[in-house]
Amino acid sequence: MLSMPNGPGPLLLHHRHYWIERYRTWSETQAKAAPYVAVFYADDYGHSDRIARAIIQGLAKTGTDVEMVDMDAVDSHDVRELATTAAALVVGMPPQTVDSPTMHPVLSSILAAVHGKQAVGLFETGGGRDEPIYPLRKRFLELGLVEAFDPILIKTVPSEAIE
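**What about helix α2 (residues 48–61)?**
Part 1: Relative to the 20 Å expected for 14 residues at 1.5 Å per residue, α2 spans 20 Å between its end C-alpha atoms, a close match to the ideal helical length.
Part 2: Here α2 has its buried residues at S48, I51, A52, I55, I56 and L59. All buried residues of α2 project into a common sector of 135° when viewed along the axis, lining one side. Exposed residues on α2 whose side chains face more than 90 degrees from its buried face are Q57 and K61.
Part 3: The inward-facing, buried residues of α2 abut β1 (36–41), β2 (65–70), β3 (88–92) and β4 (119–123).
Part 4: Note on α2: the residue one or two positions beyond its end, G63, has a positive phi of about 85°.

**Some details on the sheet that holds β4**
Part 1: Read from one edge of the open sheet, five strands run β2-β1-β3-β4-β5, paired in parallel fashion. Looking along the sheet, the strands with just one partner apiece sit at the ends: β2 and β5 (146–147).
Part 2: As paired elements, β3 and β4 share five bridges and run parallel to each other. What sits directly across from A88, in β4, is A119.
Part 3: Along the sheet face, α2 touches β1, β2, β3 and β4 and points at about 170° away from the line of β1.

**What to know about the nonpolar core**
Part 1: Membership of the largest hydrophobic core comes to 25 residues, with the highest contact counts inside it found for F40, L89, V91, I110, L122 and F140.
Part 2: Looking at this core, the elements that each hand over two or more residues are β1, α3 (76–85), β3, α4 (105–113), β4 and α5 (133–142).
Part 3: Apart from the residues within four sequence positions on either side, I110 is in contact with F40, V79, A83, L89, V91 and F140.
Part 4: Ranked by size, the runner-up nonpolar core spans twelve residues in total, among them V39, I51, I56 and F123.

**A look at the environment of E131**
Part 1: Along the chain, E131 turns up in the loop between β4 and α5.
Part 2: Remark: the alpha-carbon pair of E131 and H104, spanning 27 residues in sequence, is separated by 7.8 Å.

**Examining the environment of T85**
Part 1: In this fold, T85 is placed in helix α3.
Part 2: Under the relative-accessibility criterion, T85 is labelled partly exposed at 42%.
Part 3: Each C-alpha atom of the pair T85 and Q118 lies 9.1 Å from the other, and the pair is 33 residues apart in sequence.
Part 4: Here the side chain of T85 touches Y36 through a polar contact of 2.4 Å, side chain to side chain.

**Some remarks on α4**
For an α-helix the count is 3.6 residues per turn, leaving residues at separations of three or four pointing the same way.
Part 1: Those residues of α4 that sit buried are V106, L107, S109, I110, L111 and A113.
Part 2: At its buried positions, α4 is contacted by β1, α3, β3 and α5.

**Some words on the environment of E81**
Part 1: Assignment of secondary structure puts E81 in helix α3.
Part 2: The sequence separation of E81 and I110 amounts to 29 residues, and the corresponding C-alpha distance is 9.3 Å.

**What to know about the packing of α3 against α4**
Part 1: Where α3 meets α4, the axes come as close as 8 Å, and the angle between the chain directions of the two elements is 40°. If you check the angle between α3 and α4, you find them oblique. The two elements α3 and α4 meet at a crossing, and its hand is right-handed. Across from S76, V79, R80, A83 and T84 in α3, the residues of α4 making contact are V106, S109, I110 and A113.

Rules of the game
Residues numbered from 1 in each chain as written. Predicted model: local features only at pLDDT ≥ 70, side-chain atom pairs only at ≥ 80, totals over all residues. Heavy atoms only, no water. Helix = DSSP H or I, 4+ residues; strand = E, 2+ residues; numbered from the N terminus. Expected span 1.5 Å × (residues − 1). Buried < 20%, exposed > 50% of the residue type's maximum accessible area, 1.4 Å probe, protein only. Arc of directions from axis to C-beta. Contact = heavy atoms within 4.5 Å. Pairing = 2+ DSSP bridges. Axes fitted to C-alpha atoms, helices over the stretch in contact; angles between N-to-C directions. Core = buried A, V, L, I, M, F, W, Y, C linked by side-chain atoms within 4.5 Å. Polar contact = N/O pair within 3.5 Å; in protein donor to acceptor, adjacent residues only side chain to side chain. Parallel < 35°, antiparallel > 145°, perpendicular 65-115°, else oblique. Left-handed = near helix turned anticlockwise from the far one by under 90°.

As C-alpha cells, this is what we get:
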C-alpha cells in the first residue's frame, strides 16, 4: 500500500510504519487508562453544582478518578466519549426543555453511548423543573447498567450539614 487514509484528514504518504506504531502505542495506553466516574451536572441550575461537588468529594476519598462535566458547556462528541469510556456515571437531573417534549439533549447522548458494563447513579437538583428521575432510571436499567446507589431525591434545600 502506497498511501493510507487517516479518517477525514490527509493521506499518509510517508512514514506509515512510524504513524501506525504511534497509533498502536496510543490506543494501548487508552485501553489501560484508569477507570473513572463521569459526573454530569448542570452548573447554573438548582443545587446541581453543590450536590455534584459533594458526590465528587466522596468519590475522591475512595481514590476514584472523577471527570466533572457541565451539561451546558459540553459538546455531544465529548459526552459520547465520556459516557462510553467511564466505568460509572453520576447524572444530576438538568431542567426539562421548555420548547420540546423530549429530554435534555445531553441525556439522549448519554443514553445512546452507555453500555451494560457500567454503573449509574442519579440525583435530583432541586431546580423546580428537573427532568423526571424515575423514567431515566428505568431506561438505564433497561440498557443493563447497574445502579450504583438509589436515586438521591431533594426534599429540602441542601445545607452545610447535608454536604
